Amino acid sequence: PLTVTRWPDGVRGKSFFQKQAPAHRPEWVRTATVTSTSKPIDYTLADDLPTLVWLANLAAIELHVPLARAEAIERPTALVFDLDPGAPATIVECCHVGLQLQGMFEHLGLESFAKTSGSKGLQVYVPLNCADVTYERTKPFAKAVAELLEGAEPDVVVSRMTKARRTGKVLIDWSQNDAKKTTVCAYSLRATERPTASTPLDWDEVQVARDSGDPTSLAFEAAQVLERVAERGDLFAPVLSLVQELPKF
């Protein structure tokens, strides 16, 4: 179920978020009704090319998704860590933290996958795809991981949103593991001066970016992303299907 951000006057103009699918949508646009605190919302399901083209025509540049699918909206399919750098830190510092997360989960026997946010940060996903997983389990687990890394590297990592604490550090935003939150979708464009996109990475690329110290090395524009997929396939595909279980803690 998509939440989109629309820029009808271009990326330099005003934007607005939209959850409810427009009433004037074509009949072939599929939707899913999800209950909310006020009233049910009919979300767009962009599961075919015509719907994506229609969304582009609406200037829906950014596509944001929850961690659950429409048919099981209360069940997260993955654990996510949104790594957000506080200036002067950049995605390079995010790569360092991402590699720490990858190593931690590898030690636990779990695979993790990285993608750029398409803006300044990096996101790390741990696929779950289990029938019995809940946000009541994943959110405290993510918080504990973030606090563990903050304790290990307090000069680099912060686990709380307070802006005064974030200068030059990487915020591990564990709060994304919530039924009410959305994260930018893999391959979504971002509404920036350059048409960059949220781009799946392999861990070797993350390592190279950290070692080089070059934040521009992980900024991919739309055409580059299409070339990457043609050459490498979909690096993020396992996130949709890989079944893993979180350890008890």
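Calculation rules
- Residues numbered from 1 in each chain as written.
- Predicted model: local features only at pLDDT ≥ 70, side-chain atom pairs only at ≥ 80, totals over all residues.
- Heavy atoms only, no water.
- Pairing = 2+ DSSP bridges.
- Helix = DSSP H or I, 4+ residues; strand = E, 2+ residues; numbered from the N terminus.
- Contact = heavy atoms within 4.5 Å.
- Axes fitted to C-alpha atoms, helices over the stretch in contact; angles between N-to-C directions.
- Buried < 20%, exposed > 50% of the residue type's maximum accessible area, 1.4 Å probe, protein only.
- Polar contact = N/O pair within 3.5 Å; in protein donor to acceptor, adjacent residues only side chain to side chain.
- Parallel < 35°, antiparallel > 145°, perpendicular 65-115°, else oblique.
- Left-handed = near helix turned anticlockwise from the far one by under 90°.
- Nonpolar A, V, L, I, M, F, W, Y, C, P; charged D, E, K, R; others polar.

A.B. asks: Could you give me a rundown of the sheet that holds strand β7 (residues 113-116), with the residues and numbers involved?
C.D. replies: Hydrogen bonds between backbone groups are what pair the strands of a sheet, and the pairing can be parallel or antiparallel. Overall, mixed pairing links the six strands, which are arranged β9-β10-β6-β8-β7-β12 in an open sheet. Edge positions in the sheet fall to β9 (157-158) and β12 (200-201), since each of these pairs with one other strand and no more. As defined by bridge partners, β7 adjoins β12 across two bridges and the pair is classed as antiparallel. Bridge pairing in β12 links Lys115 to Pro200. Across the sheet, helix α3 (residues 135-152) lies against β6 (78-85), β9 and β10 (170-173), angled at about 40° from β6, the strand it touches most.

A.B. asks: Residue-level account of the pairing of strand β1 (residues 3-6), with values.
C.D. replies: Residue alternation in β1 divides its side chains into two sets, Thr3 and Thr5 and Val4 and Arg6, and both sets are buried. As paired elements, β1 and strand β5 (residues 60-65) share four bridges and run antiparallel to each other. The residue bridging Val4 from the neighbouring strand is Leu63, located in β5. In the sheet, β1 pairs with strand β2 (residues 16-18) via three bridges, with the strands oriented antiparallel. Along β2, the bridge assignment pairs Arg6 with Phe16.

A.B. asks: Run through the side chain of Asn177, naming residues and quoting values.
C.D. replies: Structurally, Asn177 can be placed in the loop between β10 and β11 (183-184). For Asn177, a relative accessible area of 0% gives the class buried. Separated by 2.8 Å, the side chain of Asn177 and the backbone oxygen of Val80 make a polar contact.

A.B. asks: Summarise the packing of helix α2 (residues 91-107) against α3; cite the residues concerned and give the values.
C.D. replies: Two elements in contact, α2 and α3, have axes whose closest approach is 11 Å; the angle formed by their N-to-C orientations is 120°. Regarding the angle of α2 to α3, the classification is oblique. Between α2 and α3 lies a crossing of right-handed hand. In this structure, α2 contributes Val97, Gln100, Leu101, Met104 and Phe105 to the contact, and α3 contributes Phe141, Val145, Leu148 and Leu149. A per-class count over the contact of α2 with α3 returns eight nonpolar, one polar and no charged.

A.B. asks: Give me the environment of Gly118: which residues, what numbers.
C.D. replies: Within the secondary structure, Gly118 is located in the loop between β7 and β8 (122-127). C-alpha of Gly118 to C-alpha of Glu221: the two residues are 103 residues apart in sequence and 8.8 Å apart in space. For Gly118, the contacting residues outside a window of four places in its chain are Arg190, Thr196, Ala197 and Ser198.

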